[in-house]
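Listed here are the chains, written in short residue letters.
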Amino acid sequence: SAVISQKPSRDICQRGTSLTIQCQVDSQVTMMFWYRQQPGQSLTLIATANQGSEATYESGFVIDKFPISRPNLTFSTLTVSNMSPEDSSIYLCSVEGKRGEKLFFGSGTQLSVL
Amino acid sequence: GENVEQHPSTLSVQEGDSAVIKCTYSDSASNYFPWYKQELGKRPQLIIDIRSNVGEKKDQRIAVTLNKTAKHFSLHITETQPEDSAVYFCAASMSAAGNKLTFGGGTRVLVKP
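Every residue gets a number counted from 1 within its own chain, in the order that chain's sequence is written. As a convention, the first chain written is A and the first ligand written is 1, with the rest following in written order. Local features in this predicted model are restricted to residues of pLDDT 70 or higher, and side-chain atom pairs are both shown and tallied only at a pLDDT of 80 or more, whereas totals for entire chains, interfaces and linings draw on every residue. The basis for every side-chain value is the complete set of heavy atoms in the structure, and neither hydrogens nor water enter the calculation.

Caption draft 1: Representation of the sheet that holds strand β7 (residues 62-67) of chain B within the structure. Residues and elements named next belong to chain B. When DSSP finds two or more bridges between two strands, those strands count as paired. Helix and strand labels come from DSSP, where a helix needs a run of H or I of at least four residues and a strand needs a run of E of at least two; each type is numbered from the N terminus. Here five strands make up an open sheet; going across it, the order is β1-β3-β8-β7-β6 and the pairing antiparallel. Taken across any chain shown, the strands that pair with only one partner, and hence form the sheet edges, are β1 (4-7) and β6 (56-59). Neighbour to neighbour, the strand axes of the sheet diverge by 15 degrees on average, direction disregarded. By the bridge criterion, four bridges tie β1 to strand β3 (residues 19-25) in an arrangement that is antiparallel. Across the sheet, the residue bridging to valine 4 is tyrosine 25, located in β3. Angles shown run from 0 to 180 degrees and are taken between the N-to-C directions of axes, each axis being a line fitted to C-alpha atoms and, for helices, limited to the stretch in contact.

The following block contains the structure:
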């Protein structure tokens, strides 16, 4: 499986500010995915990040709130903008395995918004 | 879109007993069903998956069964050990591509020594 590094691992932020989360993979991947896991909840897909094109957002998530960059095949960022306490969650990036099978997750970013 | 229901939400078993978690899905076009284990404070880890052309798959103490007609699949853990304590998530997808994975609500499993 790919090695997926995510940073920061955790942060405490003030409401109204923005945080950018970085995801680095040790191999080139076509698609990268960003998930949110609210406290004690399941995983919800935010968007799919494709290199060279705009991210594709799932219902309930918009680019203004969660802008995503994908400058190359090994890196992506997710920004959580104008944060409120409701944004307190774990944010996870993920990638498919080399044969396009299976989904592997990064270590996650635990975000707390005060 | 796809909807995945998972039961039970919590499961407590005695060490050595078996644990069974069940999931149902709504979209008959789904054909890929992975299971993830998430220990406290850690990332979800893929533990087993099954595709719709297979009815059962085993890997040591864990197994997954799939009933496409009834649109449900189950995770079976035999001879449970304390290190099996975690939250388990099922998921469904219309392909092996992760961008359409829909997750169940999760099952918190506690194995009591």
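Caption draft 2: Spotlight on the pattern of salt bridges. Within this document, salt bridges are pairs made up of a side-chain nitrogen of Lys or Arg and a carboxyl oxygen of Asp or Glu, the two lying within 4 Å of each other. By the definition in use, this model includes four salt bridges over all chains. Salt-bridge contacts for Asp87(A) lead to Lys65(A); the nearest nitrogen and oxygen are separated by 2.6 Å. Placement of Asp87(A) in the loop between β8 (75-80) and β9 (89-96) and of Lys65(A) in the loop between β6 (56-57) and β7 (68-72) is noted, with a sequence separation of 22 residues between them. A salt bridge links Asp84(B) to Arg61(B), with the nearest nitrogen and oxygen atoms 2.9 Å apart. Of this pair, Asp84(B) sits in the loop between β8 (72-77) and β9 (86-92) while Arg61(B) sits in the loop between β6 and β7, placing them 23 residues apart in sequence.

Caption draft 3: Quick peek at the packing of aromatic side chains. Pairing of aromatic rings covers Phe, Tyr and the six-membered ring of Trp, with a centre-to-centre limit of 6.5 Å; geometry is then stacked below 30 degrees between planes, edge-to-face above 60, and tilted otherwise. Taken as a whole, this structure holds 11 aromatic pairs over all chains when the rule is applied. Ring geometry for Phe61(A) against Phe66(A): centres 5.6 Å apart, planes inclined by 65 degrees, an arrangement best described as edge-to-face. With respect to burial, Phe61(A) and Phe66(A) carry one shared label: buried. Look at Phe33(B) and Phe73(B): their rings are 4.8 Å apart centre to centre, the planes differ by 45 degrees, and that puts the pair in the tilted class. In this pair, Phe33(B) sits in strand β4 (residues 32-38) while Phe73(B) sits in strand β8, placing the two residues 40 residues apart along the sequence. The same class applies to Phe33(B) as to Phe73(B), namely buried. Three or more aromatic residues joined by ring pairs form one cluster here, namely Tyr35(A), Phe105(A), Tyr36(B) and Phe103(B). For every residue, the accessible area (1.4 Å probe, protein chains only) is compared with the maximum for its type, and the residue is labelled buried under 20%, exposed over 50%, or partly exposed between those bounds.

That is the geometry; function is a separate question.
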